[in-house]
Amino acid sequence: NTDCTKVDEIALSEEIFGGEVNQHVLWLVVKAQLAAKRAGTHKTKTRSEVSGGSKKPYRQKGTGWARQGTRRAPQFVGGGVAFGTNPRKYVQGVNKKVRRVGLISALSLRASEKKLVLLEDMNMGEVKTKVMSELVATFGAKRALVVENKENNNVVLSTRNLKKHKWLPPEAVNVYDILNHDTLIMSAATAKALDERLAKPVR
């Protein structure tokens with residue numbers, strides 16, 4: 001319960017919460033997640049896009065300087081950039097089976113470290129950030145990931161102002177957030193639903 005007292009037991013799949021931790025798959029999934037977050041909106045102007053005329057700056061011969069054709073060339077200050085960055089997508093494809101293995105590995109890792117906390121229920125009588133902060137501290141979590149249905153508005157609103165802790169709905173649980181937080185907290189019902197969802201074969 002919320003007082004850190006054992007009140008009941010729950011049977012979860014050994015394959016999902018006690019499986020082998022595949023470090024390589026964890027790396028692949030986290031790399032893909034971080035890459036997908038990149039905006040990719042970087043842009044530099046080429047010599048055809050910068051402002052300025054294309055008039056030859058000075059005559060071809062007799063000046064003692066190197067011949068030049070335009071002030072918009074890359075070697076001039078204010079000129080275009082040669083081989084600069086352009087908008088692109090950083091998304092890396094990871095298939096469903098690999099993502100499933102990654103999520104199972106992350107859950108199994110937290111379970112093996114005894115950093116997976118299952119609560120009898122997560123009902124809160126009111127929206128109170130201090131209460132949620134004390135609840136997380138009860139389990140010795142420095143950075144906790146709280147997984148609870150979004151319908152439980154009190155938990156959602158009580159968690160969102162905590163700087164080091166994060167709330168996610170069950171359908172949004174992912175490898176990066178599990179690994180980025182040292183403790184995973186969820187209700188027993190949520191863990192059971194997650195177990196059943198991951199037990200289904202990926203098509």
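Refer to the structure printed above.
As a starting point, this report considers the structure included with it. (Residues numbered from 1 in each chain as written. Predicted model: local features only at pLDDT ≥ 70, side-chain atom pairs only at ≥ 80, totals over all residues. Heavy atoms only, no water.)

### Regarding the overall build of the protein chain
- Check the secondary structure of the protein chain and you find seven helices and four strands.
- In sequence order, the protein chain lays out its α and β elements as α-α-α-β-α-β-α-β-α-β-α.
- A compact globule built from 203 residues would reach a C-alpha radius of gyration of about 17 Å, whereas the protein chain, at 27 Å, exceeds it by more than 25%.
- In terms of principal-axis extent, the alpha carbons of the protein chain reach across some 95 × 40 × 25 Å.
- Expressed as a percentage of the 203 residues in the protein chain, the buried residues total 34%.
- Contacts in the protein chain between residues far apart in sequence, at least 24 positions, make up 72% of those at least 6 positions apart.
- Carbon and sulfur atoms make up 52% of the accessible area of the protein chain, which amounts to about 13000 Å² in all.
- Across the protein chain, 36 positive and 19 negative side-chain charges occur, with their mean positions spaced 25 Å apart. (Helix = DSSP H or I, 4+ residues; strand = E, 2+ residues; numbered from the N terminus. Rg over C-alpha atoms; globule rule 2.2 N^0.38 Å. Buried < 20%, exposed > 50% of the residue type's maximum accessible area, 1.4 Å probe, protein only. Contact = heavy atoms within 4.5 Å. Areas by Shrake-Rupley, 256 points an atom, 1.4 Å probe, with all protein chains shown as cover. Lys, Arg positive; Asp, Glu negative; His and termini not counted. Charge placed at Lys NZ, Arg CZ, Asp CG, Glu CD.)

### Here we look at the packing of helix H2 (residues 23-37) against helix H3 (residues 96-112)
- Two numbers describe how H2 lies on H3: the axes approach to 9 Å, and their chain directions differ by 115°. In terms of axis orientation, H2 runs roughly perpendicular to H3. As H2 runs across H3, the sense of the crossing is left-handed. Two secondary-structure elements touch here, H2 through Val-25, Leu-26 and Val-29 and H3 through Val-98, Arg-99, Val-101, Gly-102, Ser-105 and Ala-106.
- When the residues that make up the contact of H2 with H3 are grouped by side-chain class, the tally is six nonpolar, two polar and one charged. (Axes fitted to C-alpha atoms, helices over the stretch in contact; angles between N-to-C directions. Parallel < 35°, antiparallel > 145°, perpendicular 65-115°, else oblique. Left-handed = near helix turned anticlockwise from the far one by under 90°. Nonpolar A, V, L, I, M, F, W, Y, C, P; charged D, E, K, R; others polar.)

### Quick look at the environment of Lys-89
- Here Lys-89 is to be found in the loop between H2 and H3.
- Residue classification places Lys-89 among the exposed residues on the basis of a relative accessible area of 74%.
- In the structure, Lys-89 is positioned 85 residues away from Cys-4 in sequence and 46 Å away in space, judged by C-alpha atoms.

### Topic: the sheet that holds strand S4 (residues 183-187)
- The strand order across the open sheet built from four strands is S1-S4-S2-S3, with neighbouring strands paired in parallel fashion. Each edge of the sheet is formed by a strand with only one pairing partner; in this case those strands are strand S1 (116-119) and strand S3 (166-168). Ignoring strand direction, the axes of neighbouring strands in this sheet form an average angle of 20°.
- Across three bridges, strand S2 (residues 144-147) lies against S3 in parallel orientation. Residue Leu-145 lies in a different strand from S3, and its bridge partner there is Lys-166. (Pairing = 2+ DSSP bridges.)

### As for a positive patch on the surface
- Taken together, the side chains of Lys-142, Arg-143, Lys-163 and Lys-164 present a region of like positive charge at the surface.
- With respect to the helices and strands, the residue Arg-143 is situated in the loop between helix H4 (129-138) and S2.
- The class of Arg-143 is partly exposed, set by a relative accessible area of 32%. (Patch = residues over 30% accessible without salt bridge, like charges linked within 9 Å, V, L, I, M, F, W, Y side chains within 5 Å. Salt bridge = Lys/Arg side-chain N within 4 Å of Asp/Glu carboxyl O.)

### Some points on the pattern of salt bridges
- Counted by the stated rule, this structure contains five salt bridges.
- Between Arg-100 and Glu-15 there is a salt bridge whose closest N-O contact spans 3.3 Å. Of this pair, Arg-100 sits in helix H3 while Glu-15 sits in helix H1 (residues 14-17), and the two are 85 residues apart along the sequence.
- Assessed through its relative accessible area of 19%, Arg-100 is described here as buried.
- The shortest N-O distance in the salt bridge between Glu-113 and Arg-110 comes to 2.6 Å.

### Topic: the packing of H3 against helix H7 (residues 188-199)
- Across the interface, H3 lies against H7 with an axial gap of 11 Å and an inter-helix angle of 145°. When you trace H3 past H7, the crossing you get is left-handed. The residues of H7 that touch H3, namely those facing Arg-100, Leu-103, Ile-104 and Leu-107, are Leu-194, Arg-197, Leu-198 and Ala-199.
- A breakdown of the residues in the contact of H3 with H7 according to their chemical character gives six nonpolar, no polar and two charged.

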